[in-house]
Amino acid sequence: MPIATPEVYNEMLDRAKAGKFAYPAINVTSSQTLHAALRGFAEAESDGIVQISTGGAEFLGGQYSKDMVTGAVALAEYAHIVAEKYPVNIALHTDHCPKDKLDGYVRPLIAISEERVKGGRNPLFQSHMWDGSAETLADNLAIAQELLVRTAAAKIILEVEITPTGGEEDGVTHEINDKLYTTVDDAIRTAEALGLGDKGRYLLAASFGNVHGVYKPGNVVLRPDLLKELNEGVAAKFGRPAGSQPFDFVFHGGSGSTEEEIRTALENGVVKMNIDTDTQYAFTRPVADHMFKNYDGVLKVDGEVGSKKTYDPRTWGKVAEESMAKRVLEACGNLRSTGTKIK
């Protein structure tokens, strides 16, 4: 199947919301990690989301120029071609973009999609994230309003993060403290500024104790039940029926989350969960194993010639892809998206 059209992406998110499951959103940094993500989704028979962070885009742009837009566009165009060989629908997304990188990343990418849509084509990316969590909520929402007008017109879904996620992501760092919990007032102000779908669809990364990076279960206090409070508070404020879920939530910083925490988040409106730390490790671990076990073949030890079959990137790259694909398959199971692909 090809990359999801705007209509298919909206259907994917609607199905996830109604079915109480979420799509893993897998960060990729190369054609190989892209294939690993696509393979994992295909094996799980799950549609999914592939995303590129600012750091990932810079890496993809090559270390000579480190151009984020070039890197993101190149991989997106590549994805549009190779995804047709996988029997699932894939949405392309750009991850965390802070204020100082908007003009060098998200705004130019939106402009590319605007031109595509004007020419009768679909947008290059299906969604973009604006991470204003380091700004005041007023400034954050003001920029989100400006972006939402453009994304809605270009048939793109906007993702916004209104309060900080702890830890570090591509150089953006937030302390782990009580500010990691979105309040009902924050949610109401967001709905007042961005609407509830009437001004354009957006995904909401609310904070319920989330932390980016590596941690073990119990080291971070997650409160996914808070998402229910946010939905209830906004529903009451805007006259929505009791039990409705006005927001499409995104789960950030999910590494190390327990099954119960994930299940609670799904019940409360999470439709997308970012997966990066775990898939990075899954990709790298078998490569390290290969290098250690084949040290004398990978390197020209003591003047020998080594073994080309051993240091050929295809040799260790294949096991890296397989390992990462298995972790994506596992994520689909955890998020209950296995077997839910749109036929």
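What counts, and where the lines are drawn
Along each chain, the written sequence defines residue order, and numbers are assigned to residues from 1. Reporting of local features is limited, given that this is a predicted model, to residues whose pLDDT is at least 70; pairs of side-chain atoms are given and counted only at 80 or more, and all residues count toward the totals for whole chains, interfaces and linings. Side-chain numbers come from the whole structure's heavy atoms, not from hydrogens or water. Each Phe, Tyr or Trp ring, with Trp reduced to its six-membered ring, pairs with another whose centre is within 6.5 Å; inter-plane angles below 30 degrees give stacked pairs, above 60 give edge-to-face pairs, and intermediate values give tilted ones. Only protein chains enter the accessibility calculation, which uses a 1.4 Å probe; a residue is then buried when its area is under 20% of its type maximum, exposed when over 50%, and partly exposed in between. Numbering of helices and strands starts at the N terminus; helices are DSSP runs of H or I of at least 4 residues and strands are runs of E of at least 2. One fewer than the residue count of a helix, multiplied by 1.5 Å, yields its expected span. The contact rule is simple, with two residues in contact once any of their heavy atoms fall within 4.5 Å. One side-chain nitrogen of Lys or Arg within 4 Å of one carboxyl oxygen of Asp or Glu is enough to make a salt bridge.

Some thoughts on the packing of aromatic side chains
Step number 1: Taken as a whole, this structure holds 3 aromatic pairs when the rule is applied.
Step number 2: Plain terms: the ring middles of F247 and F249 are 5.6 Å apart, the flat faces sit at 50° to each other, and that makes the pair tilted.
Step number 3: Residue F247 is classed as buried on the basis of its relative accessible area, which comes to 1%.
Step number 4: We classify F249 as buried; its relative accessible area is 0%.

Notes on helix α8 (residues 226-237)
Step number 1: Compared with an ideal rise of 1.5 Å per residue, which puts 12 residues at 16 Å, α8 spans 17 Å between its outermost C-alpha atoms and is within 8% of the ideal.
Step number 2: Buried-residue contacts for α8 involve α7 (184-194), β9 (249-251), α9 (259-267) and β10 (270-275).
Step number 3: Among the residues trailing α8, G239 stands out with phi positive, at a value near 70°.

Remarks on unusual backbone geometry
Step number 1: The residue K20 is not glycine, and still its phi comes out positive at about 60°.
Step number 2: Within the fold, K20 resides in the loop between α1 (6-19) and β1 (23-27).
Step number 3: Positive phi, normally seen in glycine, also occurs at R336, with a value near 65°.
Step number 4: According to the relative accessible area criterion, R336 is partly exposed, its value standing at 33%.

Some details on the pattern of salt bridges
Step number 1: What the rule picks out here adds up to 17 salt bridges.
Step number 2: Salt-bridge contacts for R107 lead to E146; the nearest nitrogen and oxygen are separated by 2.8 Å. Taken together, the residues span a long stretch of sequence, with R107 in helix α5 (residues 106-118) and E146 in helix α6 (residues 137-153) at a distance of 39 residues.
Step number 3: Residue class for E146 comes out partly exposed when judged on its relative accessible area of 32%.

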